[in-house]
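# Descriptive structure summary
Here's the letter readout for the chains.
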Amino acid sequence: MTTRHIHCADRRLFAVAGLSAAAYVGIWPASTDDTEPTRDNVVDAAHPGMSPREFAYALRQLAARFDERADAVGEPPFDADALAEANARNAEAGR
């Protein structure tokens, strides 16, 4: 393992503290073979203590808080349509 791979492995370590966690979401950078940081992410989530609808509601509430924080610091809106189009092009190209 290279130094970079060891560094990335440290960032991929993910743990949920406690056995009674109702749900979790983990997001970390995808590993790459080059030395440049990736813009791709790996997302993992589970909701063993909640129904899917309860989990979706909690995520929407969290998303609203993040949007409020972004608005407060003047961050421009996220262009989800452009991202969806790019993902579709990548899927068509086999990437």
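Residues numbered from 1 in each chain as written. Predicted model: local features only at pLDDT ≥ 70, side-chain atom pairs only at ≥ 80, totals over all residues. Heavy atoms only, no water.

### A closer look at the overall build of the protein
Scanning the protein from N- to C-terminus turns up three helices and two strands. Reading the secondary structure of the protein in the N-to-C direction produces α-β-β-α-α. Every one of the 95 residues in the protein was classed for burial, and the buried ones make up 8%. Within the protein, residue pairs in contact and separated by at least 24 positions form 35% of the contacts whose partners lie at least 6 positions apart. Summed over all atoms, the accessible surface of the protein reaches about 8000 Å², with 55% contributed by carbon and sulfur. (Helix = DSSP H or I, 4+ residues; strand = E, 2+ residues; numbered from the N terminus. Buried < 20%, exposed > 50% of the residue type's maximum accessible area, 1.4 Å probe, protein only. Contact = heavy atoms within 4.5 Å. Areas by Shrake-Rupley, 256 points an atom, 1.4 Å probe, with all protein chains shown as cover.)

### What about the confidence of the model for the protein?
Per-residue pLDDT for the protein averages 77, and the proportion of residues at 70 or more is 71%. When pLDDT is averaged over each element of the protein, helix H2 (residues 52-72) comes out on top at 94 and helix H1 (residues 3-12) at the bottom at 51. (pLDDT = per-residue confidence, 0-100.)

### A word on H2
Its 21 residues place the ends of H2 30 Å apart at the C-alpha level, agreeing with the 30 Å of an ideal helix rising 1.5 Å per residue. Looking one or two places after H2, you find Gly-74, whose phi comes out positive at around 80 degrees. (Expected span 1.5 Å × (residues − 1).)

### Observations concerning helix H3 (residues 80-92)
An ideal rise of 1.5 Å per residue puts 18 Å on 13 residues; H3 measures up with 18 Å between its terminal C-alpha atoms. Directly beyond the C-terminal end of H3, a positive phi value near 80 degrees is found at Gly-94.

### Quick notes on the environment of His-47
As for its position among the elements, His-47 is in the loop between strand S2 (41-46) and H2. Take His-47: its relative accessible area is 29%, and that puts it in the partly exposed class. The sequence separation of His-47 and Ala-23 amounts to 24 residues, and the corresponding C-alpha distance is 4.1 Å. Beyond its immediate sequence surroundings of up to four residues, His-47 is in contact with Ala-22, Ala-23, Pro-52 and Phe-55.

### Here we look at a nonpolar patch on the surface
A surface patch of nonpolar side chains, about 530 Å² in accessible area, is lined by Val-25, Ile-27, Val-43, Leu-59, Leu-62 and Phe-66. For the nonpolar patch, the elements supplying multiple residues, two or more each, are strand S1 (24-29) and H2. Here the element with the most residues in the nonpolar patch is H2; it accounts for three residues. The residue Ile-27 is located in strand S1 in this model. By relative accessible area, Ile-27 is classed as exposed at 57%. (Patch = residues over 30% accessible without salt bridge, like charges linked within 9 Å, V, L, I, M, F, W, Y side chains within 5 Å. Salt bridge = Lys/Arg side-chain N within 4 Å of Asp/Glu carboxyl O.)

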